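# Secondary and tertiary structure notes
Below are the chains, spelled out letter by letter.
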Amino acid sequence: MKKAKSGENNPMFGRHHSKETIQKIKAKSSGWHHTKEAIAKMRKAKLGTHLSDETKAKISKAFLGRKVSDETRRKMREAQLREKGSGWKGGIGNRPYPVEFDYNLKTLIRERDNNTCQLCGRTKKEEGRNLCVHHIDYVKENLDPKNLITLCNRCNGKVNVYRGYWMNHFTSKYPSTNKMLRLANMMNGLVYYPYLDVCYFQSNYGHHAADGYFRIDAVPFQAVIHLLKGGSITIVDATRKNKPLSDGLRFGVPTWCIVFNRALNFKGSRHIKVCGWQTPEMKGVALSSKHRSLVRTIRKLVKIYGYKKPAVIGENIFVECHQGADFDDKPKRLREIIEKEFCFS
Ligand SMILES: [Zn+2]
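This section reports on the structure supplied with the text. All of these numbers come straight from a predicted model, not from anything done at the bench. (Residues numbered from 1 in each chain as written. Predicted model: local features only at pLDDT ≥ 70, side-chain atom pairs only at ≥ 80, totals over all residues.)

What follows covers the overall build of the chain. What the chain contains, in helices and strands, is 14 helices and 6 strands. Relative to its 345 residues, the chain shows a buried fraction of 23%. Of the contacts made within the chain by residues no fewer than 6 positions apart, 70% connect residues no fewer than 24 positions apart. (Helix = DSSP H or I, 4+ residues; strand = E, 2+ residues; numbered from the N terminus. Buried ≥ 20, exposed ≤ 12 C-beta atoms within 10 Å, placed from the backbone. Contact = placed C-beta atoms within 7 Å.)

In the contact formed by helix α11 (residues 247–264) and helix α13 (residues 292–305), the axes pass within 8 Å of each other and the chain directions differ by 55°. By the angle class used here, α11 and α13 are oblique. The handedness of the crossing between α11 and α13 comes out as right-handed. Only Leu294, Val295, Ile298, Arg299 and Val302 of α13 make contact with α11, whose side of the interface consists of Val259, Phe260, Arg262, Ala263 and Leu264. (Axes fitted to C-alpha atoms, helices over the stretch in contact; angles between N-to-C directions. Parallel < 35°, antiparallel > 145°, perpendicular 65-115°, else oblique. Left-handed = near helix turned anticlockwise from the far one by under 90°.)

This paragraph deals with unusual backbone geometry. Of note in this structure, Asn114 is not a glycine but carries a positive phi near 55°. Here Asn114 shows up in the loop between α5 (103–112) and α6 (124–127). If you check the backbone angles, Tyr138 has positive phi at about 65° while not being a glycine. Of note, Tyr138 is situated in the loop between β1 (132–135) and β2 (148–151). In this structure Tyr138 comes out as partly exposed when scored by C-beta crowding, with 17 C-beta atoms within 10 Å.

This brings us to the packing of helix α10 (residues 221–228) against α13. Axes are the key here: two packed helices are described by the angle between their axes and the distance separating the axes. Running from N to C, α10 and α13 point in directions that differ by 45°, and their axes come no closer than 10 Å. Classified by the interaxial angle, the pair formed by α10 and α13 is oblique. Here α10 and α13 pass one another in a crossing that is right-handed. Taken together, the residues of α13 that come into contact with α10 (itself represented by Phe221, Val224, Ile225 and Leu228) are Ile298, Leu301, Val302 and Tyr305.

Attention shifts here to helix α12 (residues 280–287). Regarding α12, the residues found buried are Met282, Val285 and Ala286. Take α12 and look down its axis: the buried residues cluster within an arc of 100°, on one side only. Residues of α12 that are exposed and angled more than 90 degrees away from the buried face: Pro280 and Gly284. Residues of α12 that are buried sit in contact with α11. (Arc of directions from axis to C-beta.)

Pairing between sheet strands relies on hydrogen bonds along the backbone, with the strands arranged either parallel or antiparallel. Across the sheet, 4 strands lie side by side as β4-β3-β5-β6; this open sheet has parallel pairing. Single-partner strands in this sheet number two, and they are β4 (198–199) and β6 (317–322). Here 2 bridges tie strand β3 (residues 180–185) to β4, and the two strands are oriented parallel to one another. Residue pairing across strands places Ala184 opposite Val198, the latter belonging to β4. Of the strands in this sheet, β3, β5 (232–238) and β6 touch α11, which is tilted by about 170° from β6. (Pairing = 2+ DSSP bridges.)

Glancing now at the nonpolar core. Ile235, Val253, Trp256, Cys257 and Val259 are the most contacted members of the largest nonpolar core, which has 42 residues in total. Of all elements in the fold, only β3, α9 (188–192), α10, β5, α11, α12, α13 and β6 reach the threshold of two or more residues within this core. With 9 residues, α11 is the single largest residue contributor to this core. The contacts of Trp256, once residues within four sequence positions are left out, are Phe214, Ala218 and Val219. Among the nonpolar cores identified, the runner-up in size contains 12 residues, and Ile109, Cys117, Cys152 and Phe170 belong to it. (Core = buried A, V, L, I, M, F, W, Y, C linked by C-beta atoms within 7 Å.)

Moving on, we get to the environment of Thr255. Assignment of secondary structure puts Thr255 in helix α11. Residues Thr255 and Gly284, 29 residues apart in the sequence, show an inter-C-alpha distance of 9.1 Å.

Take the pairing of β2 next. By the alternation rule, side chains of β2 split into Leu148 and Thr150 and Ile149 and Leu151, which are all buried. Sheet topology note: the β1/β2 ladder contains 4 bridges and is antiparallel. Across the sheet, His135 pairs through a bridge with Leu148, a residue of β2.

In structure tokens, the structure reads:
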């Protein structure tokens, strides 16, 4: 049929409809729509079918060099504008990125990913410009490095549709990024790790600096769960010159580890040595009634999540102390230090 009516055999071959006829045809078909059933049928018939490369090449050739008038261009643009477009998503795209999502953070993410698109492998060199930094969960405010990933321009566009799929893709592809959690101790630690969770081991809490007293939520419960599940934690802090460890890392963290182990509640758990510089005072503080409420809370989490191993510094708890920075240092100096020392595990 198709062949019999093609080319010379077609009754319209070499002939043209008059303008009048065209108007008539137009008038007859305007306002006419396929029924829902018909659309469903057509959809079903097309589903799973693919165009052959040959056909694709033909279509491409037909469109090649096609000029679109400014008028058509305007119409095409308007048809996809704002809420009419498939990428509208309620206007969330118009929300600004937080100020912390700046050149420095993006550079760090790109360097972590070797300046290579993590989807297709395209490099910065091939792209001829800096690669994009994508938010895996599409939340612009979530600047956790685990939520940021380097993509080329093309892939960055690609992941903007089927968002759920891509979110799952990236989170399941890089589960290893979850194995190590980095927490910044308040104040100086924040200077070094401003984009992640925070913990509270302050040497100036009350008058118990040397004892290592800390708040019940010294380590956020999300991190406690992470630890119970067998993950590791690095706590980042900073100190003035000539101190190998800040007071928070030196007293607070080991004491917290003893409290954590006490909460695990197996025979001998409270006697595990958590670090080389553990003192009898730390143990005294950790086992005192001061931290009973924390022990109770962690025990509730143990009931839900179980535990893999006790907290021991150097095994699943790591401390990282930067030297020679004061919180009162000038912002410019701090920026220099961040740029120089900011590193990813
Ligand atoms: Zn790519």
